[in-house]
Amino acid sequence: MRKSLLLAVLAVAAVVPAWGQKQQSAPWWQHAVFYEIYPRSFADSNQDGLGDLKGITAKLDYLHQLGVDAIWISPCYPSPQYDFGYDVADYENIDPMYGTLADFDKLAREAHRRGIRVIMDFVLNHTSSQHPWFLQSKSSRSNPKRDWYIWRDGKGAGQPPNNWQSDFGGSAWSFDAATKQYYYHYFEAQQPDLNWRNPAVEAAMFDVTRFWHRHGVDGFRLDAVDTLFEDPALRDNPTLAGKNEFGDAEMKNLYNDKLEENHAELRKLRQVTDANGQILIGETWTDSIGELKTYYGAHDDEIQMPMDFMFTTINKISVSEFRRQIALAESAGWPVFVIGNHDMARSYTRYGDGQHNEAIAKLMAAMQLTLRGTPILYYGEEIGMETHQPERKEDVKDPLGVSGWPQQKGRDGERRPMQWSAAENAGFTRGTPWLPVDAGYKTHNAAVEDRDPQSILSFYRSLLALRHTSFALLDGDYLPLDESNAQVLAYARKSAKESIVVVLNFSAAPQSFAPDWKALGADAAKTEVLLSTVEGTSSIKDGKIQLSPFSVCIARLHK
Ligand code: NOJ
């Protein structure tokens, strides 16, 4: 049975995401909440079991009501769907399974009408092996497109040019028997890497951004942006002790990951997208904050929004680890906070303890949405969708799960259909869904949660409404509080016009938290609770905020 949590929402004005009515001081994307849509799984308008663009358009009111300002649509270009769209066969069209360019134009128009911007996924590291560019490149060694990809002779009979490994297991090189050379693919053989050292490739890809500008696209999420360039000498990568999940030797990708050349290229791309008012979001898998920092560019002239994936690798409810990562992200630039996407187990599943899952889902949402920075939500997070892995190899659809089974079961679990209602197939389709609907859909779905003021969905809506109307949450500084506290993560957000405290109980026990009211310049007695999931009455007794297990209290301070 779900715990009854008291939701106190005071002084939260309605969401008004019309561009003209927002504060204009910061660039729009700093005040925006982004929402990732995996189009295969979001909403199916023609009942063929696959989501589509008309389905997304039909759900724009839902997204508007949630308080979303921008949608990032995972690839919907024509594709053989080997990696479910991350293998693009034409960058300037829509796959018929998702609709037409006219459907896209309507989606963009309707989104804009509601103040929602549209971000396309830009798969710029590689194409599909079925892209006409690659088919030409492969057709002969002398084809003008040969150098659009990375072709090399092997080291000897049956020996690839070097020891680089594919991220999906095995060698990163595949042999083409017709032209007797190997081509390079950081991912699967069906995803050959483009040669970004060739100016014609660069020009063609930059043109893609202009094409989508003409179709109303407001920016791009840059897929696999770490691996655009390879060492020209193709030096072997150093191997490390142990084996990876595919049974291959562990390796440090020294010569094919995050090369310096990336940055000069990103600066050029940025000039092109800036000219059209488009923004760049980076799929930036960095190991340190120093690395993440480089992606902003020395003069803020590379990616505006490099995602901080170090945040997502904290797979436990740990105050100290989150506090530390937040402080690091704060030091890098404008932070971009993500807790889930189509490549990782859902946050509900990663952080849930099996007992307080509802409260923990709200706790994670409260943290992600009250920090200084731009949050990117993943569809279904707002209703508490879970990840369940396939149980049998024959059910796996994701190529990563097929090659990595059983150690790596792939990403199907986090890509299941959006749960719209308690109807059959969760209201996603009347056909056969391409992936099974998760068993949790009867209780966790948009329709049921819409009617429940204590649901995860209602909490997200309140949180987003608060965020959009609070000077402190939009623009305020982040000030960590009581930094040695191991149970409670607390911080203030302070702007010239408003101060807010966010107090998050990261423990299964009740906690009592006493901010240093004096240092905050506030009178405890005048504190105004704006949003709380504290069971019972959220109260401030003797200057202490009382918190039930895994609860949230967000309060405005007054002098
Ligand atoms: C990152 C994407 O998020 C992932 O889904 C995909 O498999 C790889 N890039 C290859 O494009």
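Residues numbered from 1 in each chain as written. Predicted model: local features only at pLDDT ≥ 70, side-chain atom pairs only at ≥ 80, totals over all residues. Heavy atoms only, no water.

Q: In this structure, what is going on with the domain arrangement of the protein chain? I would like to understand it.
A: Interfaces are often sized by the amount of accessible area the parts lose when they come together. When the domains of the protein chain are assigned, the result is domain 1 (31-125 + 201-226 + 267-465) and domain 2 (132-184). Every contact between the two is made by ten residues of domain 1 and, on the other side, five residues of domain 2. Taken together, both faces of the contact between domain 1 and domain 2 bury some 560 Å²; the carbon and sulfur share is 77%. Sorting the residues of domain 1 by area buried against domain 2 places Val 201, Ala 204 and Leu 400 first, and these three jointly supply 52% of that buried surface. Between domain 1 and domain 2 we count zero salt bridges in total. Counting every contact that joins domain 1 to domain 2 gives one residue pair in polar contact (both at pLDDT 80 or more). Among the elements of the structure, helix 5 (199-214) and helix 11 (399-404) are those that each provide at least two residues to the side of domain 1 that touches domain 2. When the residues that make up the side of domain 1 that touches domain 2 are grouped by side-chain class, the tally is seven nonpolar, one polar and two charged. (Domains from an automatic or database assignment. Contact = heavy atoms within 4.5 Å. Buried area = accessible area lost by both parts, 1.4 Å probe. Salt bridge = Lys/Arg side-chain N within 4 Å of Asp/Glu carboxyl O. Polar contact = N/O pair within 3.5 Å; in protein donor to acceptor, adjacent residues only side chain to side chain. Helix = DSSP H or I, 4+ residues; strand = E, 2+ residues; numbered from the N terminus. Nonpolar A, V, L, I, M, F, W, Y, C, P; charged D, E, K, R; others polar.)

Q: So what exactly am I meant to see when it comes to the sheet that holds strand 21 (residues 544-547) here?
A: Picture the strands of a sheet paired through backbone hydrogen bonds; they go either parallel or antiparallel. Ordered by their spatial adjacency, three strands build an open sheet running 18-21-20, and the pairing between neighbours is antiparallel. Two strands lie at the open edges of the sheet, namely strand 18 (511-513) and strand 20 (540-541), each paired on one side alone. Alignment of strand 20 against strand 21, held across two bridges, turns out to be antiparallel. Residue pairing across strands places Ile 540 opposite Ile 545, the latter belonging to strand 21. (Pairing = 2+ DSSP bridges.)

Q: Teacher, can you tell me more about the site of the ligand here?
A: Around the ligand lies a shell formed by Asp 83, Tyr 86, His 126, Phe 168, Phe 187, Arg 221, Asp 223, Glu 283, His 342, Asp 343, Arg 411 and Arg 415. Note that an oxygen atom of the ligand is positioned 2.6 Å from one of the side-chain N or O atoms of Asp 83. With respect to the ligand, the side chain of Arg 411 contributes an N or O atom lying 3.0 Å from an oxygen atom. Burial of the ligand by the protein amounts to 97% of the accessible area it has alone, namely 290 Å². Partitioned by chemical class, the residues of the shell around the ligand number three nonpolar, two polar and seven charged. (Near = heavy atom within 4 Å. Areas by Shrake-Rupley, 256 points an atom, 1.4 Å probe, with all protein chains shown as cover.)

Q: Is there a simple way to think about the packing of aromatic side chains in this case?
A: To describe a pair of aromatic rings, you give the distance between the ring centres and the angle between the ring planes. A complete count under the given rule lists 33 aromatic pairs for this structure. Note on Tyr 77 and Tyr 91: the rings are 6.1 Å apart at their centroids and 55 degrees apart in plane angle, and the pair reads as tilted. Note that Tyr 77 is positioned in the loop between strand 3 (70-73) and helix 3 (101-113) and Tyr 91 in the loop between strand 3 and helix 3, a separation of 14 residues in sequence. Both residues of the pair, Tyr 77 and Tyr 91, belong to the buried class. For the ring pair Trp 285 and Phe 309, a centre distance of 4.0 Å and an interplane angle of 10 degrees mean the geometry is stacked. Note that Trp 285 is positioned in the loop between strand 11 (279-282) and helix 7 (289-296) and Phe 309 in the loop between strand 12 (305-306) and helix 8 (319-332), a separation of 24 residues in sequence. Taken together, the ring pairs connect Tyr 77, Tyr 91, Phe 104, Phe 122, Trp 133, Trp 148, Phe 211, Trp 212 and Phe 220 into an aromatic cluster. Against the face of Trp 148 rests Lys 145, its NZ or CZ located 4.5 Å from the ring centre. (Phe/Tyr/Trp six-rings, centres within 6.5 Å; stacked < 30°, edge-to-face > 60°. Buried < 20%, exposed > 50% of the residue type's maximum accessible area, 1.4 Å probe, protein only. Lys NZ or Arg CZ within 6 Å of the ring centre and 35° of its normal.)

Q: In this structure, what is going on with helix 6 (residues 261-275)? I would like to understand it.
A: Since the α-helix advances by 3.6 residues per turn, residues separated by three or four positions end up pointing in the same direction. The end-to-end C-alpha distance of helix 6 is 22 Å, a good match for the 21 Å that 15 residues give at a rise of 1.5 Å each. Those residues of helix 6 that are buried are in contact with helix 5, strand 8 (219-223), strand 11 and helix 7. Phi for Gly 277, located one or two positions after helix 6, is positive at around 65 degrees. (Expected span 1.5 Å × (residues − 1).)

Q: Got a minute to help me understand the pairing of strand 14 (residues 374-378) in this structure?
A: A regular strand places its side chains so that they alternate between the two faces of the sheet. In terms of residue burial, strand 14 counts as a mostly covered element, since five of its five residues are buried. Residues Thr 374, Ile 376 and Tyr 378 line one face of strand 14 and the alternating positions Pro 375 and Leu 377 line the opposite face, and both faces are buried. Sheet topology note: the strand 2 (residues 34-37)/strand 14 ladder contains three bridges and is parallel. The partner of Glu 36 across the bridge, within strand 14, is Tyr 378. Alignment of strand 13 (residues 336-338) against strand 14, held across three bridges, turns out to be parallel.

Q: Explanation requested: the sheet that holds strand 2 in the structure shown.
A: With respect to topology, eight strands assemble into an open sheet ordered 12-11-8-4-3-2-14-13, the strand pairing being parallel. Across the chains shown, the open sheet's two edge strands, defined by having one partner strand only, are strand 12 and strand 13. Its contacts with the sheet place helix 3 against strand 3 and strand 4 (117-123), and it is angled at close to 135 degrees to strand 4. Contacting strand 13 and strand 14, helix 10 (residues 357-370) runs over the sheet at an angle of about 145 degrees to strand 14. (Axes fitted to C-alpha atoms, helices over the stretch in contact; angles between N-to-C directions.)

Q: I'm lost on unusual backbone geometry in this one. Help?
A: Glycine aside, negative phi is the norm for most residues, and most peptide bonds take the trans geometry. Between Trp 405 and Pro 406 the backbone carries a cis peptide bond, its omega angle lying at 0 degrees. Locating Pro 406 in the fold gives a position in the loop between helix 11 and helix 12 (446-450). If you check the backbone angles, Asp 300 has positive phi at about 50 degrees while not being a glycine. Mapping Asp 300 onto the fold places it in the loop between helix 7 and strand 12.

Q: Sorry, what's going on with the pattern of salt bridges here?
A: Should their charged atoms come close, side chains of opposite charge can pair. Within the structure shown, the criterion is met by 28 salt bridges. The closest approach of N and O atoms between Arg 113 and Glu 110, which form a salt bridge, is 2.9 Å. Of this pair, Arg 113 and Glu 110 are both found in helix 3, three residues apart, which corresponds to roughly one turn of the helix. Across the pair Arg 141 and Asp 153 runs a salt bridge, and its minimum N-O distance is 3.7 Å. With Arg 141 in the loop between helix 4 (132-139) and strand 5 (151-152) and Asp 153 in the loop between strand 5 and strand 6 (173-176), this residue pair connects regions lying twelve residues apart in the sequence. When its relative accessible area of 44% is taken as the criterion, Arg 141 is described as partly exposed.

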